[in-house]
Amino acid sequence: MFHIYLKELWSWSRKFNLTGLDDRRRMVIELFLDSLVPSPFLPEEGTLLDVGSGAGFPGLPLKIHGPRRTTFLLEPNSKKVSFLRHVIRLTGVREVEPIKNRVESLPKEIQYDMVTARALADLAKTLDCCAPMVKQGGLLVLYLGAKAEENLRTSERLVLDHSFRARKTIPYFLPGKKSERHTVILEKR
């Protein structure tokens, strides 16, 4: 499945600039590999909402790696939603649905076991947008890059105000990259 996804991503990116990356190796490392970092720490089952999914990252790789997760890929851009539908059809992945909408427009009464956000907005805005979507006891997975600890320190009060506690911080280096990255998993109390 990953090879079909990569092939289509490469083709569509060259035509429509879906990702801003023009090298397959970088796509594999910076998109697929980076997306999968938190997967071992997430429940194997449950509902997952990927906010600002773009070309499907991190939601679609997490779905492929955790096939029992029912996954929703939230993306406001029509071209990217068309790409997601195309890739889902080609790969045959089940229980995954692209949603053409913005997180601010989703009904607040629908909540998810896991919500992911990668390169969505600054931490404060991401928390404001995503926190209402997470069930009590659910997880908010944030791909915060190199400044995760600083961002969490400055937003500590906001994290608590949204009823989250830090469950896991995953520091890592991507191959060929010099700066340390961090994915943070917050749990809603």
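Cut-offs and rules
- Residues numbered from 1 in each chain as written.
- Predicted model: local features only at pLDDT ≥ 70, side-chain atom pairs only at ≥ 80, totals over all residues.
- Heavy atoms only, no water.
- Salt bridge = Lys/Arg side-chain N within 4 Å of Asp/Glu carboxyl O.
- Helix = DSSP H or I, 4+ residues; strand = E, 2+ residues; numbered from the N terminus.
- Buried < 20%, exposed > 50% of the residue type's maximum accessible area, 1.4 Å probe, protein only.
- Pairing = 2+ DSSP bridges.
- Polar contact = N/O pair within 3.5 Å; in protein donor to acceptor, adjacent residues only side chain to side chain.
- Axes fitted to C-alpha atoms, helices over the stretch in contact; angles between N-to-C directions.
- Contact = heavy atoms within 4.5 Å.

Caption draft 1: The arrangement of the pattern of salt bridges in detail. Under the counting rule described, the total for this entry stands at 11 salt bridges. Between Arg68 and Glu45 there is a salt bridge, with its nearest N and O atoms 3.1 Å apart. Of this pair, Arg68 sits in the loop between α3 (59-65) and β2 (69-74) while Glu45 is found in the loop between α2 (24-36) and β1 (46-51), placing the two residues 23 residues apart along the sequence. Of the residues examined, Arg68 reaches a relative accessible area of 46% and is grouped as partly exposed.

Caption draft 2: Representation of the environment of Leu142 within the structure. Of note, Leu142 is situated in strand β5 (residues 134-143). When the C-alpha atoms of Leu142 and Glu104 are compared, they prove to be 18 Å apart, with 38 residues separating the residues in sequence.

Caption draft 3: Summary view of the pairing of strand β4 (residues 112-118). Within β4, six of the seven residues are buried, leaving the element largely enclosed by the surrounding structure. Both β1 and β4 contribute to a ladder of four bridges, which runs parallel. Residue Leu48 lies in a different strand from β4, and its bridge partner there is Met114. Alignment of β4 against β5, held across six bridges, turns out to be parallel. For Ala117, the partnering residue across the bridge sits in β5 and is Leu142.

Caption draft 4: Structural detail: helix α5 (residues 123-130). Among the residues making up α5, those that are buried are Leu123, Thr126, Leu127, Cys129 and Cys130. With a side-chain oxygen lying 3.1 Å from the backbone nitrogen of Ala124, the N-terminal cap of α5 falls on Asp122.

Caption draft 5: Geometry of the sheet that holds strand β6 (residues 164-172). In spatial order, the strands read β3-β2-β1-β4-β5-β7-β6; together these seven strands make up an open sheet with mixed pairing. The open sheet is flanked by β3 (96-99) and β6, the only strands paired with a single partner. Strand after strand, the sheet turns through a mean of 20° between neighbouring axes, direction not considered. Contacts from helix α4 (residues 78-91) reach β2 and β3, with the element oriented near 165° to β3.

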